[in-house]
Amino acid sequence: MWPRGFLSRLLLRVSAGATDRHACARIHPVLVKSGHASDTRLATALADAYAKSGLVTRARRVFDETPRRDLVLWNVMISCYSSHGLLNHSWALLASMRRSSGLSGDGFTFSALLSARAPSSSCSHNLGLLAHGLVLRLGLHLDLVVATALLDMYAKCGWVPDARRVFDAMLLRNSVSWNAIIPISRNAIVCYGQHGGGKDALQLFVSMLRNDDGCCCRADELTLASLLSSCANMAAAYEATQLHAYALKRGLQGYLQVANALIMAYGKNGFLLQATQTFATIHEPDIVSWSSMVSSFAYLGRAKSAIHVFERMLRQGVRPDGIAFLGVLSACSHAGLIQDGLKYFLLMTTDYQIDPCPQHLACLVDLLGRAGRVRDAYNVLLNISCQTNTDVIGAFLAACKARGNIELAKWAADRLLGLEPNESANYLLISNAYAAAGAWTELAKVRTPPLHMRDMCGNKVPGCSWIEVVGKVQTFVSNDILLQRSTEMQHMMDLIVTFLEKEFNEGTLCKDPDLISEWY
């Protein structure tokens, strides 16, 4: 008969992380023959080994065949279901545990439940709320691991206020807690449609550095990458430079995700020199690094530079992905480099066998429209089955507007209104296309019943621009007289225009084509 201590050590070694899925299956018969199959400790180790090997059914069989189950065994089985995304099974097991054995669960139980790898849905969120209530009743909300799991659960469901309340109620926090809440605050832009979400993330980071809660947490590379993404989304150049300085001080710039996030933050803020310098510090740039540089140049209209970086990436032997191609196609589209854009689209679909997404097709339609090949763009819409994407249809309608093709503009308008009849921007785009083509009869149809453009559009939100001055973002709209010191700025603009008109003459014009091309 096998000694019990030897079996225990053997099973624990297997459960620690065996790569052979059948290792525990070979040990199981030995356990049965030795007469220790009903031993709770050994059964727990065996069930854990099956769970970590991905054999969920066999783990449940061991669980069912164990007559005396302690809390550890229940936790192992609940964790097994949760780690494999079987959320309903794990909750059914929790209910069975509370009903049959009288056990309420501990921190391990609820951290496993809340960490379930299940898709975000109303059902998973409701179960999370139920778990939160049980955690509060049992007093487990003071457990750091459980509170962090609660925070992460709300994060995955996109419930920012609930996540923030859990975070604020935590007496102790670690780097995992901070890394969970900082992306949440950044994503508040998406959840609420407000620009203040990214600022919340930065304020949390400052609070983390000041140790307002008495903890000794230090930001890691994940924290910095998330914050730099916030700076890129908000065009916060001042904060991006401060985070760069912090990364240098902590020695975190060497992490690839930090360097890539720095490139995007600098690129979207218009600091191409700093983005290029950051890229040069990366010893082995990956596809994200190259794509970030291409997108940065394309974002600021530097089409030639974007193409140069893309070609350099190809020479380095890096295989481009759809995002890299989208960057170079966008650069070619905005700069009117028709032949280059068509060349890269064929390279993507033919040589690299990448299926074009709607954004790629919108760039292709725009390129064909700029070349005057509106009929070819129409054939693209018909042949590639992208007639249900509003971005592509909108690009095609813009091409019809530029070329005055009223026939195809009508087709695009019908498609656009059929896809999004309640989107006010579509009515504005259609009316502008009809007005540019001189189709006043069609324009009148859009503005009168049954379409009622005036009712659908409501109040038009004016376009705006913004600039950051000493860490504060100033927003401007056309003819804005309510902005503080707007009169002084208008006087300064008039002074500059007067000065330029006075200094302008034919001798000041640059006629060197090579010198002019450097600006594009």
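The paragraphs below set out a description of the structure included in this document.

The rules behind the values
Residues numbered from 1 in each chain as written. Predicted model: local features only at pLDDT ≥ 70, side-chain atom pairs only at ≥ 80, totals over all residues. Heavy atoms only, no water. Helix = DSSP H or I, 4+ residues; strand = E, 2+ residues; numbered from the N terminus. Buried < 20%, exposed > 50% of the residue type's maximum accessible area, 1.4 Å probe, protein only. Contact = heavy atoms within 4.5 Å. Phe/Tyr/Trp six-rings, centres within 6.5 Å; stacked < 30°, edge-to-face > 60°. Axes fitted to C-alpha atoms, helices over the stretch in contact; angles between N-to-C directions. Parallel < 35°, antiparallel > 145°, perpendicular 65-115°, else oblique. Left-handed = near helix turned anticlockwise from the far one by under 90°. Nonpolar A, V, L, I, M, F, W, Y, C, P; charged D, E, K, R; others polar. Expected span 1.5 Å × (residues − 1). Core = buried A, V, L, I, M, F, W, Y, C linked by side-chain atoms within 4.5 Å. Patch = residues over 30% accessible without salt bridge, like charges linked within 9 Å, V, L, I, M, F, W, Y side chains within 5 Å. Areas by Shrake-Rupley, 256 points an atom, 1.4 Å probe, with all protein chains shown as cover. Salt bridge = Lys/Arg side-chain N within 4 Å of Asp/Glu carboxyl O.

Quick notes on the overall build of the chain
So, step 1. In terms of regular secondary structure, the chain is built from 30 helices and two strands.
So, step 2. Counting the 520 residues in the chain, one finds 43% classified as buried.
So, step 3. A separation of at least 24 residues holds for 59% of the contacts in the chain among residues at least 6 apart in sequence.

Points about the packing of aromatic side chains
So, step 1. Under the definition given, this model contains nine aromatic pairs.
So, step 2. Taken together, a centroid distance of 4.9 Å and an interplanar angle of 75° make the contact between F63 and W74 edge-to-face. Residue F63 is found in helix 4 (residues 56-64), and its partner W74 is found in helix 5 (residues 71-83); the two are separated by 11 residues along the sequence.
So, step 3. Judged by centre distance (4.9 Å) and plane angle (70°), the ring pair of F279 and W290 falls under edge-to-face. Residue F279 is located in helix 17 (residues 272-280), and its partner W290 is located in helix 18 (residues 287-299); the two are separated by 11 residues in the primary sequence. One exposure class covers both F279 and W290, and it is buried.

Brief notes about the packing of helix 19 (residues 303-315) against helix 21 (residues 338-351)
So, step 1. Direction vectors running N to C along helix 19 and helix 21 enclose 30°, while the axes themselves pass 13 Å from each other. Relative to helix 21, helix 19 is oriented roughly parallel. When the axes of helix 19 and helix 21 are compared, the crossing they make is left-handed. From helix 19, I307, F310, E311 and L314 reach across to helix 21, where they touch D340, K343, Y344 and L347.
So, step 2. Among the residues forming the contact of helix 19 with helix 21, the class breakdown is five nonpolar, no polar and three charged.

Section: helix 24 (residues 390-403)
So, step 1. Here helix 24 spans 20 Å end to end across 14 residues, near enough to the 20 Å set by a 1.5 Å rise per residue.
So, step 2. Phi for G404, located one or two positions after helix 24, is positive at around 70°.

Structural notes on the nonpolar core
So, step 1. In terms of nonpolar packing, the biggest core is built from 83 residues, with L224, L243, F310, F325, Y344 and F396 touching the most fellow members.
So, step 2. Once you skip the residues sitting within four places of it in the chain, F396 turns out to touch V365, V374, A377, Y378, L381, L408, W411 and A412.
So, step 3. A43, L55, V56 and A147 belong to the second-largest nonpolar core, a separate cluster that totals 43 residues.

Examining a nonpolar patch on the surface
So, step 1. There is a patch of nonpolar side chains on the surface, built from M492, M493, L495, I496, V497, F499 and L500 and spanning about 690 Å² of accessible area.
So, step 2. With respect to the helices and strands, the residue M493 is situated in helix 29 (residues 486-503).

Re the side chain of S292
So, step 1. Looking at where S292 falls in the secondary structure, it is placed in helix 18.
So, step 2. Sequence-distant contacts of S292, defined by excluding residues within four places in its chain, comprise N260, I263 and M264.

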